Amino acid sequence: MKILRWLLLAALCSSTMLMVGADDENSRFEKAGGKLQCMCGCNQKLLICNHVGCQVSPAMIRDLKATVQTKSNDEEVLDWFRQNYGVTAVILPSTHGFELTAWVVPPLILAGAIGVMVLVIFAWQKKGPAQAAAMTKVAVDPHMQALRSRARRETEEI
Amino acid sequence: MPLLGSFCLLFSLALALYCFGAGVLSLLRRTPATARLGETSRRAGLACFIALCGAGFALVYAALTNDFSVDYIHAHTNRALPLAYKISALWSGQEGSLLFWSLLLACYGFVLRLRHHVDRRLYAHASVILAGIQVFFLLVVNISANPFGVLDHMPRDGNGLNPLLQYPEMVIHPPMLYLGYVGLSVPFAFALGALIMKYPGEKWIHITRRWTMVAWLFLTCGVFLGAHWAYSVLGWGGYWAWDPVENASLLPWLTCTAFLHSVMMQEKRGMMKMWNVWLIFVTFLLTILGDFLTRSGIVASVHAFAQSNIGAWFIWMMGLTLIVCFFFFFKNQDHLRSENQLESLVSRESSFMFNNVLLLAAAFFVLWGTLFPVITEWVKGHKISVGIPFFNYICLPIGLALLLLTGVGPLLAWRRTSWASVQKNFLVPAVLAVLVLVGLLAIGVRATDFAHTMALLAAPLSMLVGGTILLEFIRGGRVLQPKLQTNMFSAMVHLTHRNTRRYGGYIAHLGVALVVIGLAGAAFDQENEQPLRVGEKMQIGKYTLVSQDETQDDNANHTSYSAALEVQKGGKKIGNLYPEIRLFKASEQPDHIVAIRSNIKEDLYVIYAGRSDDNVPVIKAFIKPMVSWLWVGVLLVIAGTLVALVPNAAQLKSLVPVPVTVPATASASAFQKQMQPVGAGK
């Protein structure tokens with residue numbers, strides 16, 4: 001138990017250290033660039049569009065460098081691209097309006113599913129002893145017992 | 001040949017219809033006459049496979065003999081195409097791939113019908129359901145997507161195969177994927193058949209499990225080959241782009257994985273019967289949905305077949321399947337009542353339930369992200385793009401939670417586990433995991449963004465899984481070693497052979513842990529791109545690439561440009577790389593031949609990106625850490641699944657049999673102890 005507590009403490013310390021690290025302008029460029037696609041029709045991420053001679057990606061990359069410097073956060077940068085290159089330029093749903101549902105629904109569904117499951121397990125746990133008693137009553141019936149054994153024997157042989 | 005192919009297709013449709021109709025009639029009444037009718041139905045199913053082989057042969061023969069009067073052959077092959085790719089034309093287009101799907105379905109049906117002696121009544125039900133599915137696909141192929149349509153003239157040459165498909169893995173990847181997709185129809189047929197006939201006991205689950213594992217294995221191989229092909233050919237440095245068609249293959253894989261786990265609860269405790277039946281139904285429906293997404297043109301994808309009007313067929317099929325499933329479920333749901341219920345939150349059963357919820361949540365999220373552009377179009381009138389970052393944000397945390405369960409699950413006993421036991425078993429793997437985390441922090445890895453945070457969490461969790469599995473093998477080996485009087489390794493091999501399913505599963509889990517480490521490496525990618533004249537150098541990480549030569553080659557199929565690069569590390573030559581780009585003449589499309597130098601730590605990934613405005617080769621290089629762990633991990637998953645498919649060895653016989661009379665109260669506790677995993681609670 002003591003060792004486990006020490007482990008927990010070490011994990012906590014580590015997670016605090018995990019927070020260390022800050023964004024610079026270059027990483028903002030990389031991050032925002034990873035959320036944009038080249039609009040030449042190749043369907044690739046803007047920064048990995050890999051065909052030389054593409055007329056679109058160099059201009060988009062220039063615009064990205066400029067907007068990263070002028071806009072204060074990534075969402076504003078992405079909105080700029082939505083307005084100037086069309087909504088499909090950004091490969092992430094927006095965090096406002098109808099597109100917000102893309103972000104909200106998954107965690108809600110997951111939380112709901114886990115919640116329902118935990119409730120079901122607790123309900124089963126409460127019902128458990130009563131059901132076990134009922135099952136024991138059935139189990140002592142010799143005729144049923146014989147049938148069960150036969151069914152088990154016959155179904156175990158594939 | 002086109003005439004023969006068309007005839008074979010029509011004939012196989014007639015046979016499938018007979019197999020279905022006669023099969024239904026024979027199942028409705030049980031008389032000697034209907035039994036004979038059932039046998040004719042079975043034989044019609046067998047003959048359907050032979051007829052479809054004829055159709056498949058006719059199409060391949062047309063490809064091999066350059067019969068460009070067949071529209072499909074004209075569209076997907078040309079004279080200069082190598083032999084293997086001409087054969088692969090069978091599945092490289094819409095119509096051919098549907099014929100191939102039908103052929104594989106008939107092949108599964110053929111094997112199933114030959115094995116009818118295992119359980120005649122259950123197999124008869126499954127055969128009829130498979131025939132129903134067969135009828136659907138043959139109707140589509142005969143009416144809407146006939147591959148034997150002929151042109152009114154004979155072109156001199158064909159359009160050629162898509163250059164991206166002209167790669168050895170592409171000859172194997174689609175058949176593997178299709179074997180997986182189509183194979184999932186078999187467990188569906190058994191599940192629905194067992195529900196319709198209220199099959200007693202769990203034998204159908206035993207029968208289905210093997211078929212499901214085989215289909216799952218093919219699907220896993222198919223997904224793996226697809227990812228490896230994307231990495232080796234597409235030249236963007238990645239292996240998974242969350243493309244709608246890629247997602248379509250992942251969806252049934254996720255639900256099928258959930259089924260393979262939850263089915264153990266039904267086998268061991270008689271629980272989750274309704275859940276399992278629906279998992280199979282949903283898995284089958286997702287394979288049809290995958291077909292719909294790939295073939296209807298509803299979502300934009302580089303992998304999708306050309307937009308066509310056959311999407312409606314698949315909507316009808318999904319609707320009809322849902323109605324049939326719901327009808328028999330509500331009619332016979334009493335048959336699916338659980339024999340036991342979950343007794344504790346801390347138990348193997350609950351870990352399987354959480355595992356299932358997470359896998360299904362992942363499947364839902366992938367589906368949600370895939371269909372969200374379509375939903376937005378319905379609601380707002382315009383499509384949006386949903387790409388890699390969105391799927392990473394919503395799916396990676398789920399993946400890590402699943403990894404945690406993979407590590408913790410084996411430590412839990414069936415029915416209930418004491419916290420003391422969990423803590424005791426958890427200690428060593430947890431210490432190893434924390435050490436990995438601290439080690440990563442010590443070498444300067446920080447959670448500067450989402451990808452790095454996920455990578456930092458993935459490594460210790462993978463260690464947790466690895467530690468847990470290793471301990472399970474060691475504990476089991478220690479128990480067997482003195483009995484067998486052998487070394488530890490042999491004891492572990494024997495242990496695996498005694499319970500192939502359990503230890504095969506552990507090997508597969510170990511593979512998953514390696515896959516996750518490989519995926520986590522992507523957070524630390526580096527890249528550089530520059531024009532490179534002969535004699536010039538470029539730097540990427542610790543590597544220096546020196547251009548030695550550039551060449552141009554030309555053949556009937558394509559023109560290629562390649563560069564000869566010397567790879568140096570620390571000023572010393574360590575090898576050469578030859579990235580290449582091919583320009584295919586028939587399709588006028590480019591294709592990259594990526595040059596990769598791989599080791600356990602990282603891949604040096606170099607592509608010939610093209611030529612700059614002043615006609616200089618442009619080289620793009622990446623350093624991709626830990627990628628080889630990903631491929632090794634998948635191979636381990638495949639190996640683990642193969643081990644799990646091997647039957648168990650005979651149990652070791654004790655040298656001196658000891659008859660034991662156990663009082664009633666003691667037997668219950670002994671049973672509970674028997675259900676504990678090796679080492680648990682000790």
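Residues numbered from 1 in each chain as written. Chains lettered and ligands numbered in written order. Predicted model: local features only at pLDDT ≥ 70, side-chain atom pairs only at ≥ 80, totals over all residues.

### Some words on the overall build of chain A
- Along its length, chain A carries six helices and zero strands.
- Shown N-terminal to C-terminal, the secondary structure of chain A runs as helices and strands in the order α-α-α-α-α-α.
- Expressed as a percentage of the 158 residues in chain A, the buried residues total 18%. (Helix = DSSP H or I, 4+ residues; strand = E, 2+ residues; numbered from the N terminus. Buried ≥ 20, exposed ≤ 12 C-beta atoms within 10 Å, placed from the backbone.)

### Focus on the sheet that holds strand S9 (residues 602-611) of chain B
All names here are of chain B.
- Strands sit in the order S1-S10-S9-S8 across an open sheet of four strands; the sheet is antiparallel. Only two strands of the sheet have a single partner each, and these edge strands are strand S1 (526-531) and strand S8 (595-598). Strand after strand, the sheet turns through a mean of 15 degrees between neighbouring axes, direction not considered. (Pairing = 2+ DSSP bridges. Axes fitted to C-alpha atoms, helices over the stretch in contact; angles between N-to-C directions.)

### Concerning the packing of helix H14 (residues 388-408) of chain B against helix H16 (residues 450-484) of chain B
Residues and elements named next belong to chain B.
- Two elements in contact, H14 and H16, have axes separated by 8 Å at closest approach and are oriented at 20 degrees. As the angle between them shows, H14 and H16 are arranged roughly parallel. In this structure, the crossing between H14 and H16 has a hand that is left-handed. In contact with Tyr 393, Leu 396, Leu 400, Leu 403, Leu 404, Thr 406 and Gly 407 of H14, H16 contributes Phe 450, Met 454, Leu 457, Ala 458, Leu 461, Ser 462, Leu 464, Val 465 and Thr 468.
- Grouping the constituent residues of the contact of H14 with H16 by class yields twelve nonpolar, four polar and no charged. (Parallel < 35°, antiparallel > 145°, perpendicular 65-115°, else oblique. Left-handed = near helix turned anticlockwise from the far one by under 90°. Contact = placed C-beta atoms within 7 Å. Nonpolar A, V, L, I, M, F, W, Y, C, P; charged D, E, K, R; others polar.)

### With respect to unusual backbone geometry
Residue and element names in this part refer to chain B.
- The phi dihedral of Lys 198 falls on the positive side, at around 50 degrees, and the residue is not glycine.
- Within the secondary structure layout, Lys 198 lies in the loop between helix H8 (185-196) and helix H9 (203-234).
- Assessed through the 12 C-beta atoms surrounding it within 10 Å, Lys 198 is described here as exposed.
- Of note in this structure, Gln 485 is not a glycine but carries a positive phi near 50 degrees.
- Looking at the secondary structure, you find Gln 485 in the loop between H16 and helix H17 (488-498).

### Considering the environment of B:Asn576
Residues and elements named next belong to chain B.
- Assignment of secondary structure puts Asn 576 in strand S5 (residues 572-577).
- Judged by the 14 C-beta atoms lying within 10 Å of it, Asn 576 is partly exposed.
- Ignoring anything within four residues of it in the chain, the contact list for Asn 576 reads Ala 564, Leu 565, Glu 566 and Val 567.

### Digging into helix H12 (residues 311-332) of chain B
All names here are of chain B.
- The end-to-end C-alpha distance of H12, which contains 22 residues, comes to 32 Å, matching closely the 32 Å that a straight helix rising 1.5 Å per residue would cover.
- For H12, every residue scored as buried is listed here: Trp 313, Phe 314, Met 317 and Cys 325. Buried residues along H12 cover an arc of 95 degrees about the axis, so they all sit on one side. Across from the buried face of H12, at angles greater than 90 degrees, the exposed residues are Ala 312, Trp 316, Gly 319, Leu 320, Ile 323, Phe 326, Phe 327, Phe 330 and Lys 331.
- Where H12 is buried, its residues contact helix H6 (120-144), H8 and helix H11 (273-296). (Expected span 1.5 Å × (residues − 1). Arc of directions from axis to C-beta.)

### As for the pairing of strand S10 (residues 617-625) of chain B
Residues and elements named next belong to chain B.
- Along S10, nine of the nine residues are buried, which leaves the element largely enclosed by surrounding structure.
- Residue alternation in S10 divides its side chains into two sets, Pro 617, Ile 619, Ala 621, Ile 623 and Pro 625 and Val 618, Lys 620, Phe 622 and Lys 624, and both sets are buried.
- As paired elements, S1 and S10 share six bridges and run antiparallel to each other. Bridged to Glu 529 within S10 is Lys 620.
- Here nine bridges tie S9 to S10, and the two strands are oriented antiparallel to one another.

### Looking at the domain arrangement of chain B
All names here are of chain B.
- Looking at chain B, the domain boundaries give domain 1 (1-161), domain 2 (163-372) and domain 3 (525-627).
- Look at where the C-alpha atoms of domain 1 and domain 2 centre, and you get two points 23 Å apart.
- Taken together, the contact between domain 1 and domain 2 spans 27 residues of the former and 30 residues of the latter.
- Going through the elements one at a time, helix H4 (83-88), helix H5 (94-114) and H6 are the ones with two or more residues in the side of domain 1 that touches domain 2.
- Per element, the largest residue contribution to the side of domain 1 that touches domain 2 is ten residues, and it comes from H6. (Domains from an automatic or database assignment.)

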